[in-house]
Amino acid sequence: MLENRKILLCVSGGIAVYKAVALVSKLSQAGAAVKVIMTESAQQFVKPLTFQVMSRNDVYTDTFDEKDSSVIAHIDLADWADLIIVAPGTANVIGKLAGGIGDDMVTTTLLAATAPIWIAPAMNVHMYDHPAVKRNIQQLHEDGIRFIEPSEGFLACGYVGKGRLEEPEKITELVKDYFSREHKLAGKKVVVTAGPTRERIDPVRFLTNFSSGKMGYAMAGAAAEMGAETILISGPVSLPVPSGVTRIVVESAEDMLQAVDAHYDTANYVIKTAAVADYRPKAVADKKMKKQEGGSTIVLERTVDILQHLGQQKKGQVLIGFAAETNDVGQYAKEKLERKNADYIIANDVTEAQAGFEADTNRVTVYGKNGFVQDFELMSKQQLARQLLEMITDKEEPHDS
Ligand code: CTP
């Protein structure tokens, strides 16, 4: 299953290094070519020779020990890999990467990499819970690095808790799953909208909403991971562009409409995650408005409903809308599906804990045509985005538009 796949395993120093040996074995058995880099502390636990035998490749430990004078090893290894896995990922290596530090063979290679990087952390439960470690993990999430969460159980330090390196079998499954999805959207164009819009009142004020853009950015990242040409049309948010995604930044509902229209004809899938303003001020003051005695009224007018507008001119594109509701979720979602001529509405209740605008997690129900309904459990927005796209691409083959 992993034939012709090149996996670079970066091993940092923790007791779970022995499980990294089993990981090399599993990946190799599945057909992958595996090369290993070890930090100095990893070598305190297991000798490089063990990894050399298991991978049948040289093991790299020192940035300055160049085995082949025609190349620079850390650049060459970074370029070689289709996927890089850091397992076990210690607090130290996570911290260094989050801070952009490259002071050994593992960290210089990670900084030079353009291939996807996955980190499987393993450490003491309190270390994993430390605010600095959490901050660094959050930073790396935002930099597009994927984490394989540690599992709970007995830790070598005697504690019971979260911090065990995920089992090699499970990591191997995730790798197989990743490569099996990798080309599922190759040759397809996916347009994703994300974030809020801003509707100007005067030069210093605007109307907006609480959308963070996180779900839309996760959808775009997942589409790019699956090989799609991915255009992300984003309202103003401060999130990094997921790797492989082209971002177009817009401000108002009208700007978003123009940008989506420009890409609609050539799109195969359009995913409308954005929380588009339904109303904008009818008149925009060209000078800052001054306060007066008594109240004030802003007259609003409707913006174009972009999803409905796209639904009216659908020529084979698969059209996916989102609906953030506070009540009667199913009823509103089905009504929007119908009215906007969408293929799916992905609905969530924003009043639910961990499923709101700012959250990193979400719990949704997908409504489709002919009474299709599917619930998804609470999970990270990244994981959910992958599962949603997987489900939709399994069910829908867009017609050539
Ligand atoms: N949408 C859109 N253009 C708008 C408003 C909404 O494209 N002007 C899209 C959103 O991107 C989303 C879907 O429509 O995919 C549903 O958005 P939502 O705000 O929940 O729906 P509305 O139709 O605005 O309904 P309401 O505000 O009455 O709940």
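The rules behind the values
Residues numbered from 1 in each chain as written. Predicted model: local features only at pLDDT ≥ 70, side-chain atom pairs only at ≥ 80, totals over all residues. Heavy atoms only, no water. Near = heavy atom within 4 Å. Polar contact = N/O pair within 3.5 Å; in protein donor to acceptor, adjacent residues only side chain to side chain. Areas by Shrake-Rupley, 256 points an atom, 1.4 Å probe, with all protein chains shown as cover. 1 Å grid on protein atoms, 1.4 Å probe; cavity = no way out; pocket = protein on both sides within 12 Å on 5 of 7 lines; lining within 4 Å. Sits in = over half its atoms within 2 Å of the grid points. Helix = DSSP H or I, 4+ residues; strand = E, 2+ residues; numbered from the N terminus. Nonpolar A, V, L, I, M, F, W, Y, C, P; charged D, E, K, R; others polar. Core = buried A, V, L, I, M, F, W, Y, C linked by side-chain atoms within 4.5 Å. Buried < 20%, exposed > 50% of the residue type's maximum accessible area, 1.4 Å probe, protein only. Contact = heavy atoms within 4.5 Å. Pairing = 2+ DSSP bridges. Axes fitted to C-alpha atoms, helices over the stretch in contact; angles between N-to-C directions. Lys, Arg positive; Asp, Glu negative; His and termini not counted. Salt bridge = Lys/Arg side-chain N within 4 Å of Asp/Glu carboxyl O. Phe/Tyr/Trp six-rings, centres within 6.5 Å; stacked < 30°, edge-to-face > 60°. Lys NZ or Arg CZ within 6 Å of the ring centre and 35° of its normal.

Attention now moves to the site of the ligand. Of all residues adjacent to the ligand, which total 16 residues, the nearest are Lys272, Ala274, Leu307, Lys336 and Lys340. Contact distances for the ligand include 2.6 Å between an oxygen atom and a backbone N or O atom of Lys272. Within the side chain of Lys340, an N or O atom sits 2.5 Å from an oxygen atom of the ligand. Compared with its free state, where it exposes 570 Å², the ligand has 79% of that area covered by protein. If you map the ligand onto the pockets, it falls in the second largest pocket. Of all the elements in the fold, those that place two or more residues in the shell around the ligand are helix H12 (306-312), strand E17 (318-325) and helix H13 (329-339). Of the residues forming the shell around the ligand, the biggest block, 3 residues, is contributed by E17. Looking at the shell around the ligand residue by residue, the class counts come to 8 nonpolar, 2 polar and 6 charged.

A few words now on the nonpolar core. Val190, Met219, Ile271, Ile320, Val366, Phe376 and Leu388 are the most contacted members of the largest nonpolar core, which has 35 residues in total. Elements that contribute at least two residues to this core include exactly strand E9 (189-194), helix H10 (214-225), strand E14 (269-272), E17, strand E18 (344-349) and helix H14 (381-395). Top element by residues in this core is H10. It accounts for 8 residues. Those residues in contact with Ile271 that sit more than four places away from it in its chain are Val190, Val191, Val192, Thr193, Met219, Ile320, Phe322 and Leu389. Counting residues in hydrophobic clusters, the runner-up holds 33 residues, among them Val21, Leu27, Ala30 and Phe51.

The strand order across the open sheet built from 6 strands is E3-E2-E1-E4-E5-E6, with neighbouring strands paired in parallel fashion. If you trace the sheet from one side to the other, it starts and ends with strand E3 (59-60) and strand E6 (146-147), each paired once. Most of the contacts of helix H1 (residues 17-29) go to strand E1 (residues 6-11), to which it runs at about 175°, and overall it touches E1, strand E2 (33-38) and strand E4 (83-89).

Note on placement: Lys35 falls in strand E2. Put simply, Lys35 is tucked away with no salt bridge, and the nearest opposite charge, on Asp76, sits 5.6 Å away. Contact partners of Lys35, with chain neighbours within four places excluded, come to Ile7, Leu8, Leu9, Asn57, Leu77 and Trp80.

Scanning the model with the defined rule gives 3 aromatic pairs in all. Their ring planes at 80° and their centres at 6.0 Å tell us that Tyr344 and Phe372 sit as a pair that is edge-to-face. Here the residue Tyr344 occupies a position in strand E18, and Phe372 occupies one in the loop between strand E20 (365-368) and strand E21 (373-375), the gap between them amounting to 28 residues. For the pair formed by Tyr344 and Phe372, the shared burial category is buried. An aromatic cluster is present here, built from Trp118, Tyr178 and Phe179 joined pairwise through their rings. Sitting over the face of the ring of Tyr60, Lys67 holds its NZ or CZ atom 5.4 Å from the ring centroid. The ring of Tyr279 has Arg302 sitting right over it, with the charged end atom 5.9 Å from the ring centre.

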